[in-house]
Amino acid sequence: MYYLRRILFAIPLLLVISALAFALVRLAPGGPFDRQRVPASPEIERHLLAEYHLDEPVWKQYLRFLDGLAHGDFGTSLKYRNHSVNDLIAQGLPVSMTLGGLAFCFALGIGLPVGFFSAANRGRWPDYLGGFLAMLAVCVPGFVIAPLLIMIFAVKLQWLPVALWESPLHLILPTIALGLYFAGQVARLMREGMLSAMQSEFVTAARSKGLGENELLFKHAFRIAVLPVVSYAGPMLADLLTGSFVIENIFQIPGIGVFLVNSSLNRDYPVVVGLSLLYALLLIGLYLVVDFAYTVLDPRVKYE
Amino acid sequence: MSKPAPLHFSPGQQAWRRFKKNRPAVWSAWFLGLLTLIVILWPLLLTVIGGTFGHAHNPDQLSDAQFAPPGAQHWFGTDVHGRDVFSRVLFGAQISLLVGLLATVVSLLIGVLWGAVAGYVGGRLDSFLMRVVDVLYSLPTVIFVIVLISTLGEWLKQTFAHSPSVQAALRVILLFVGLGAVSWLTMARIVRGQVLTLRTRAFVEASRTLGAGPVWILSKHIIPNILGVVITYLALTMPSIVLYESFLSYLGLGIQPPMASWGTLIAEGVGQINPVRIYWWLIVFPGGVLVLTLLALNFLGDGLRDAWDIKAR
Amino acid sequence: MSNCKRAWRFHLPARFFLLVAAIFWLSGCLRHDPPADLTLINKGEPESLDPQIITGQAEMRIVEGMFEGLMRLDPKTARAIPGLAERYELSPDGKTYTFHLRTNLVWSTGEPILAEDVVYSWIRALSPATASEYAGQLYYIKNGEEFNNGKITDPRLVGVHALDAHTLRVELKQPTAFFLDLCAFPTLYVVPRRTIEKYGDAWIMARPLPSSGPFELVDWRLNDKVRLLKNPRYWDAANTKSELIDVLPFNFPSTAFNVYEQGRADIVWDKELVPSELLDVLLRRPDFHTFNYLGTVFLRFNVTRKPFDDERVRRALGMAVDRERIVKKITKSGEPATTSLVPPGTANYHPVPGLEYNPAAARKLLAEAGYPGGKGFPRFDALVYGIKMNEDIGVELQQMWLDNLGLNMELRPLEWKVYLSTENHLDYDISLSDWIGDYNDAQTFLGMFTSGDGNNHTGWKNSGYDTLINAAGEQPDLAAREKTFQQAETLLVHESAPIVPIYNYVGVNYYDPKRIRGIYANVLDDHPLRAIQKIVPAALNK
């Protein structure tokens, strides 16, 4: 029942978001068809606007958009005029998702163990090292780490390809560049989660029951400690799945992250709205998954 | 004479003692203090010393020594226009830190107000305010920021058309207002959570029955008690804002040349990475200083959070 | 180590490895396309591949392989040579062309290509519904402009008619020296009527897509690649040198360069994809080729704003620009500094010099205008499109005007759309602009600054200039035409100076000349795909 309610509530939320994105992007100065070469006659520009209904009042355009939405049609891109927004998403989303999924696994696969061992060895050198590395990962921006990785592994050592998206080898550097920041965040959250879990009443009760320290760590504390990570994982996955602009640009990966930023810069209204909706949809869906994961991991949590 | 028992210390004093034990946090605080000092003093130093030293280290001074590696004359090397990178990093620090701090303050103001009102008043207003936060959370920030900066930028330009330096200053203001405006959401949620807990505490109830108005309660009871949380999240938000500013400047949307911020300096440096020739100092120094500052801010924030022992409550 | 720790050690990492392995395997289902014969790196993802819609050079380079017009361009000289048309005749008054199409023309899907297809394509370009931004290229045809404006609605009134299946008659408004070049321009390419009528705007996505050119489009993945396959039915297929071509879109010069260096791509052909910081090293490499290009970078003055309405002020500022410094320090590709608008090498024309660098004369002129030593001159700003090169140029200009004239300029870098819109609305003082010629003739440059032209963007209205340009347009004799144009250019860059030219673009391509044949340096930087060939290493050892 709870989930049904959440899903139903998501629908008006999505509508609001679409309206917001719709209006916002039209506020920015400059239009999608401003070009350096002014067409030979103003009629041409008029026709262009008319073809895409941009000369109609905004509310009318929005209704038209909703109508299209009901048929599953997000409209045609104003910049890539032979492609519909659905085309863009169909081509780019799987790529971004693959990259995002890999980066997600990387982030969890490195972040969780590092955080865990940091907490398990609290106060000793693994903790300091792990903590410092995690912090470092969070502090180096993607647009610094990616060129450095390319420089070292692709150019100097020639072990890996410099860019593009064509074989499993091509996946390695972008995954690391994208996942490192999140690995650091996961490690820090995991560590804090473990530390607080180890002191929580739940674990104290278990300890008093005579459970061994290691069993304690693994079974009980971990399940509670991982909760903040799960909380964070939802929006993190949404961000990862919708592509990272910087990484996709630097590695020339055909995902949708590039479209997200460029469509705003190009005032490509349908793409902006379509991608915003997609992002919102993913986020809402993932929040639901996160909430569900909470109930599985922490029996204290119940929803009514 | 034995040491007084910790119970006699106020929460603030307890926090301070815990903080002092956290070495990385203390070092970070020193580092940030030192950095701020250098950043403020350096321009003064240049004007006072003047002469060739001042001239060579003027961050806007073009010279013919393009792409000089680090050396005696230019400690961090020079860039494409022959400008001194050391100076530019410090002047860039001014901008980046200023924008970061002010944006954080803006996000704090909005977030605290929003969250406190929502948490205190409760009921339908709370629901509504938090729904708005949810909706805004679901919007990809990038779109919002681009639109915000372009639109307000245009408006500013039209209103202050005839004084470009005022425009440049206002653009910086626009940037930190814009960044602050997209960063307050978490703060609002945290604050609301804290206020909700506090509201049900006995001393607040007591005040209310005595007839105190909401504003008085907010300012006397609620806000001082959430100060710890707020300061901590301030220190934790600032690094991500500084990072975001450098990201925007890297994209060309933030600080505009010839003003430098770490983001623009790094963007310039990143473009130089290639197999033929590496002007490594153009990225290592600005990037390094950025990373060190972010590290310091993060350690500081962690230290504050551990000191106020927030999670354990 | 206790049991649990060991278990822990296995459990989680094991699960993750499985997941990672699964994803790797799935991604192994990444398409494994056969490798292409030739891989090119292009600037940016093409916005469209519809010849009547496209406006950018990156798109045109691809479309040139897919469709063809009555004429096509010679790879060596970039002059118009017969394409779909075998031969043509020109009437004595220079206003009527008769084209004879080849009789064996077919689409890649087999149907014949006839004169009525040419008519259909040109009318489509002029049709208001198509909203073609380059429809202006067909305004030289009788009633072309009127049809595009909606003043007339019957396409049969437009001066292009099919006399029979293979003969086409074109009536022009006035003699147009570069009309044959226009016939090789993408907006005038021949497009498949049946496919367009069937699929509407999405016709490019139809497969198979009928092609009238040397290649067929087999795959178009956004931000990934455009794949072209040799069209065996092309009339000149025997001379198409490559079987399969991939065109990859790139935006960053450093990435493009790195991919090229790793050997993944054979040619990089856009000067914006050259890492400018490395130019002095790159220019010395044998795989680096520069050549004159039909483009000019210049400053625009907004003559509707004080004090730029004063000729003396504009000329003073123009004479204080040290162009050599800019091309040597900033652009560094060997661009020629220039004081004229029309680039050298433009057909039928020799440019005239404008205002040379002369700081002393500039100071004198500025004093005459009422601002001795720069005193009393209001603060002004210079608009640039916010890419690094332009900003660097802006910084140099700032320094020059300060050092030479004592003036304070503020730099205003703007995002692309905002920059265009600002320049359009005359909302600036000075703007750093450029122009790349649409076809190989002085008209494309000089015509911009007539009073009514939409690309003027300066507010400069000079009836003397307008008269000269119109007269040149009507002049059938090329020598006399050149003289008239020269008079106009003198007025533009020397006397009144609403613009100050700085340098001409050079085209830059990089490829290995030992392995790539068929690319030649020409002023349009046009390299038909059909002529390019990669020599396989085995063949080199002969």
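These notes cover the structure that comes with them. Treat the numbers as computed from the prediction; the structure is a model and nothing was measured. (Residues numbered from 1 in each chain as written. Chains lettered and ligands numbered in written order. Predicted model: local features only at pLDDT ≥ 70, side-chain atom pairs only at ≥ 80, totals over all residues. Heavy atoms only, no water.)

### Things to note about the interface of chain B and chain A
Here is the rule we go by: Should any heavy atoms of two residues lie within 4.5 Å, those residues are counted as being in contact. When two parts are put together, the accessible area they lose, computed with a 1.4 Å probe and summed over both, is reported as buried area. In what follows, salt bridge is the name for a side-chain nitrogen of Lys or Arg lying within 4 Å of a carboxyl oxygen of Asp or Glu. Polar contact is defined as a pair of N or O atoms within 3.5 Å, subject to the rule that within protein one atom must be able to donate a hydrogen and the other to accept it, and that residues adjacent in sequence are counted only when both atoms are side-chain atoms. Counting from the N terminus, the helices are the DSSP runs of H or I reaching at least four residues and the strands are the DSSP runs of E reaching at least two.
Facing 38 residues of chain B, the contacting portion of chain A comprises 41 residues. Taken together, the two surfaces of chain B and chain A that pack against each other cover about 3,500 Å², and 82% of this comes from carbon and sulfur. Our count for the chain B to chain A interface comes out at zero salt bridges. In this structure, the connection of chain B to chain A is made through zero residue pairs in polar contact (both at pLDDT 80 or more). Put simply, the parts of the chain that give the side of chain B that touches chain A at least two residues each are helix H5 (123–138), helix H6 (141–159), helix H10 (214–251), helix H11 (262–270) and helix H12 (281–308) of chain B.

### Let's talk about the pattern of salt bridges
Residues and elements named next belong to chain C. Basically, it comes down to this: Buried means the residue's accessible area, taken with a 1.4 Å probe over protein chains only, is under 20% of the maximum for its type, while exposed means over 50%, and partly exposed covers the values in between.
Summed over the entire model, instances satisfying the criterion amount to 32 salt bridges over all chains. Among the salt bridges present, the one from Arg305 reaches Asp427, with a minimum N-O distance of 3.1 Å. Taken together, the residues span a long stretch of sequence, with Arg305 in the loop between strand S12 (288–301) and helix H9 (311–319) and Asp427 in the loop between helix H13 (416–424) and strand S15 (430–436) at a distance of 122 residues. Overall, Arg305 belongs to the partly exposed group, its relative accessible area being 22%. As a salt-bridge pair, Arg312 and Asp310 come within 3.1 Å of each other at their nearest N and O atoms. It is possible to trace a salt-bridge network through shared partners that takes in Glu145, Glu146 and Lys173.

### Regarding the packing of aromatic side chains
Heads up, the condition is: To pair, rings of Phe, Tyr and Trp, with the six-membered ring standing in for Trp, must have centres within 6.5 Å; the planes then decide the type, stacked if under 30 degrees apart, edge-to-face if over 60, and tilted in the middle.
In total, this model carries 35 aromatic pairs over all chains according to the counting rule given. When the centroid spacing of 5.8 Å and the interplanar angle of 85 degrees are considered together, the rings of Tyr80 of chain A and Phe259 of chain A count as edge-to-face. With a gap of 179 residues between them, Tyr80 of chain A in the loop between helix H3 (58–70) and helix H4 (85–120) and Phe259 of chain A in helix H11 (residues 257–266) connect regions that are remote in the sequence. Residues Tyr80 of chain A and Phe259 of chain A agree in their burial class; the two are buried. Taking the centre distance of 6.3 Å and the plane angle of 80 degrees together, the rings of Trp122 of chain C and Phe179 of chain C count as edge-to-face. In this pair, Trp122 of chain C is assigned in helix H3 (residues 115–126) and Phe179 of chain C in helix H5 (residues 179–183), connecting sequence segments 57 residues apart. Look at Trp122 of chain C and you get buried, because its relative accessible area is 0%. What makes Phe179 of chain C buried here is its relative accessible area of 0%.

### Remarks on the pairing of strand S7 (residues 167–171) of chain C
All names here are of chain C. This is how it is decided: A strand pair is defined by DSSP finding two or more bridges across the two strands.
For S7, a buried count of four out of five residues is recorded, marking the element as mostly surrounded by other parts of the structure. Both strand S5 (residues 96–101) and S7 contribute to a ladder of five bridges, which runs antiparallel. Each residue of the ladder has a partner; that of Thr98, found in S7, is Arg169. With four bridges joining them, strand S6 (residues 160–164) and S7 adopt antiparallel strand pairing. Across the sheet, the residue bridging to Asp164 is Thr167, located in S7. Once S6 ends, the chain turns through two residues before running back antiparallel as S7.

### Brief notes about the sheet that holds S7 of chain C
Residues and elements named next belong to chain C. Spelled out, the test is: For helices, the fitted line uses only the C-alpha atoms of the stretch in contact; every axis is such a line through C-alpha atoms, and the angle between N-to-C directions lies from 0 to 180 degrees.
Strand order in the open sheet formed by four strands is S4-S5-S7-S6, with antiparallel pairing between adjacent strands. The sheet is open, and its two edges are formed by strand S4 (85–90) and S6, each paired on a single side. Taken pair by pair, the neighbouring strands of this sheet meet at an average axis angle of 25 degrees, ignoring direction. Pairing analysis gives five bridges linking S4 to S5, with the strands arranged antiparallel. Counterpart to Tyr88 in the pairing with S5 is Phe99.

### Concerning H9 of chain C
Considered for burial, the residues of H9 of chain C that qualify are Val313, Arg314, Ala316, Leu317, Gly318 and Met319 of chain C. N-capping of H9 of chain C is provided by Asp310 of chain C, with a side-chain oxygen placed 2.8 Å from the backbone N of Arg312 of chain C.

### Things to note about helix H16 (residues 478–496) of chain C
Residues and elements named next belong to chain C. Cut-off, in case you're wondering: Here the expected length of a helix is defined as 1.5 Å per residue gap, with one fewer gap than residues. To get the bend at any residue, fit one axis to the seven residues that end at it and another to the seven that begin at it, then take the angle between the two axes.
Counted at 1.5 Å a residue, the expected span for H16 with its 19 residues is 27 Å, and the 26 Å between its end C-alpha atoms agrees. Of all bends in H16, the biggest is about 30 degrees, found at Thr490. Taken residue by residue, H16 has Arg481, Glu482, Thr484, Phe485, Ala488, Glu489, Leu491, Leu492, Val493 and Ser496 as its buried positions. Check the buried side of H16 and you find it contacts H9, helix H14 (443–446), helix H15 (463–474) and strand S16 (499–511). Looking one or two places after H16, you find Ala497, whose phi comes out positive at around 55 degrees.

### Focus on the side chain of Asn82 of chain A
Residue position: Asn82 of chain A is located in the loop between H3 and H4. Engagement of the side chain of Asn82 of chain A in a polar contact is seen with the backbone nitrogen of Leu49 of chain C, the distance being 3.0 Å. Beyond its immediate stretch of four places on either side in the chain, Asn82 of chain A contacts Asp87 of chain A together with Glu47, Ser48, Leu49, Asp50, Asp201, Ile204, Met205 and Trp220 of chain C.

### Observations concerning a positive patch on the surface
Residue and element names in this part refer to chain B. What counts is decided by this rule: A patch consists of residues whose relative accessible area exceeds 30% and which take part in no salt bridge; residues with like charges are grouped when within 9 Å of each other, and nonpolar side chains (Val, Leu, Ile, Met, Phe, Trp, Tyr) when within 5 Å. Each accessible area is a Shrake-Rupley result for a 1.4 Å probe, and residues are judged covered by the shown protein chains and nothing else. Charge assignment in this entry is limited to Lys and Arg as positive and Asp and Glu as negative, and neither His nor the chain termini are counted. By convention, charge coordinates are those of NZ in Lys, CZ in Arg, CG in Asp, or CD in Glu.
A contiguous patch of positive charge on the surface is contributed by Arg17, Arg18, Lys20 and Lys21. Within the secondary structure, Lys20 sits in helix H1 (residues 11–21). According to the relative accessible area criterion, Lys20 is partly exposed, its value standing at 48%.

Function cannot be read off these values alone, since they describe shape.
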